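# An overview of the molecular structure
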Amino acid sequence: RSDVVSLNGVSNTKNKGLPIIALPTTAGTAAEVTINYVITDPEREIKMVCVDEHDIPIVAIVDTELMASMPKSIAASTGMDALTHAIEGNTMSQMFSMKAIQLIYDNLDKAVNEKDQEAINNMGLGQYIAGMAFSNVGLGIVHSMAHQLGAVYDTPHGLANAILLPTVMKFNGETSYEEYREILTSAFHTDAT
């Protein structure tokens, strides 16, 4: 247990470990393109955000057939996690974030409810791009609060993000209205509108 607890925060490792090949099974975390991972400590009711530049995978195989078998609740939750990544990572990685937001917004419903393979493929791509966006700039208050909500109340991470995202966007939009206006008018615009 003490070894795992020591992983919390920024790591002090000096050497790379064995090469990591990542094979994501959800369309949400983007762990396959980041130096971050999360470990839940149920005894202390916290989620530890671990950061180690030596833990980034050298290869990511995003096989969306693995994502197709997710139950609806997990598909929806991880999809909202990916959408939150894209929105919170928007400030400095706008090109990535805007594309990810549009892919996720246009495909999440079909991927969850219809198990539409093209939509699942686009969710895999969208969450991957969102991971590239936030790995450059970090995440925001939605994620920091969602980790606490998830740890204390055993709430799935993406669901906690989905609950908090509208309130935080409204709050942030009061001072960053130009950025949020662009998200709402550009990324959430679909051919159907």
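Above: the structure in question.
One structure accompanies this document, and this report is about it. (Residues numbered from 1 in each chain as written. Predicted model: local features only at pLDDT ≥ 70, side-chain atom pairs only at ≥ 80, totals over all residues. Heavy atoms only, no water.)

## Regarding empty space enclosed by the protein
Counted according to the given criterion, the structure contains one cavity of 30 Å³ or more. If you add up the space inside the largest cavity, you get close to 80 Å³. The wall of the largest cavity is formed by A27, M67, A68, M70, A75, L108, A111, V112, K115, I120 and M123. Mapped onto the lining of the largest cavity, the elements with two or more residues apiece are α4 (94-114) and α5 (117-137). A breakdown of the residues in the lining of the largest cavity according to their chemical character gives 10 nonpolar, no polar and one charged. (1 Å grid on protein atoms, 1.4 Å probe; cavity = no way out; pocket = protein on both sides within 12 Å on 5 of 7 lines; lining within 4 Å. Points joined across faces, edges and corners; volume = space filled by probe spheres on them. Helix = DSSP H or I, 4+ residues; strand = E, 2+ residues; numbered from the N terminus. Nonpolar A, V, L, I, M, F, W, Y, C, P; charged D, E, K, R; others polar.)

## Some points on the environment of G89
Mapped onto the secondary structure, G89 falls in the loop between α3 (72-88) and α4. Taking the relative accessible area as the measure of exposure, G89 reaches 0% and is therefore buried. Spatially, the C-alpha atoms of G89 and Q148 are 20 Å apart, while their sequence positions differ by 59 residues. When sequence neighbours within four positions are dropped, the list of residues in contact with G89 reads S97, A133, F134, V137 and G138. (Buried < 20%, exposed > 50% of the residue type's maximum accessible area, 1.4 Å probe, protein only. Contact = heavy atoms within 4.5 Å.)

## Brief notes about the pattern of salt bridges
Scanning the model with the defined rule gives two salt bridges in all. Of the charged contacts, one joins R44 and D41 as a salt bridge, the two residues approaching to 2.7 Å between their closest N and O atoms. Look at R44 and you get partly exposed, because its relative accessible area is 38%. By relative accessible area, D41 is classed as buried at 6%. Note that E178 and R181 form a salt bridge whose closest N and O atoms lie 2.5 Å from each other. Of this pair, E178 and R181 both sit in helix α8 (residues 177-187), separated by three residues, roughly a single helical turn. When its relative accessible area of 42% is taken as the criterion, E178 is described as partly exposed. (Salt bridge = Lys/Arg side-chain N within 4 Å of Asp/Glu carboxyl O.)

## Remarks on the packing of α3 against helix α6 (residues 141-153)
Remark: α3 packs on α6, axes separated minimally by 9 Å, with the N-to-C direction vectors making an angle of 145°. Seen from α3, the contacting residues are D81, T84, H85 and E88; seen from α6, they are I141, V142 and H143. Residues of the contact of α3 with α6, tallied by class, amount to two nonpolar, three polar and two charged. (Axes fitted to C-alpha atoms, helices over the stretch in contact; angles between N-to-C directions.)

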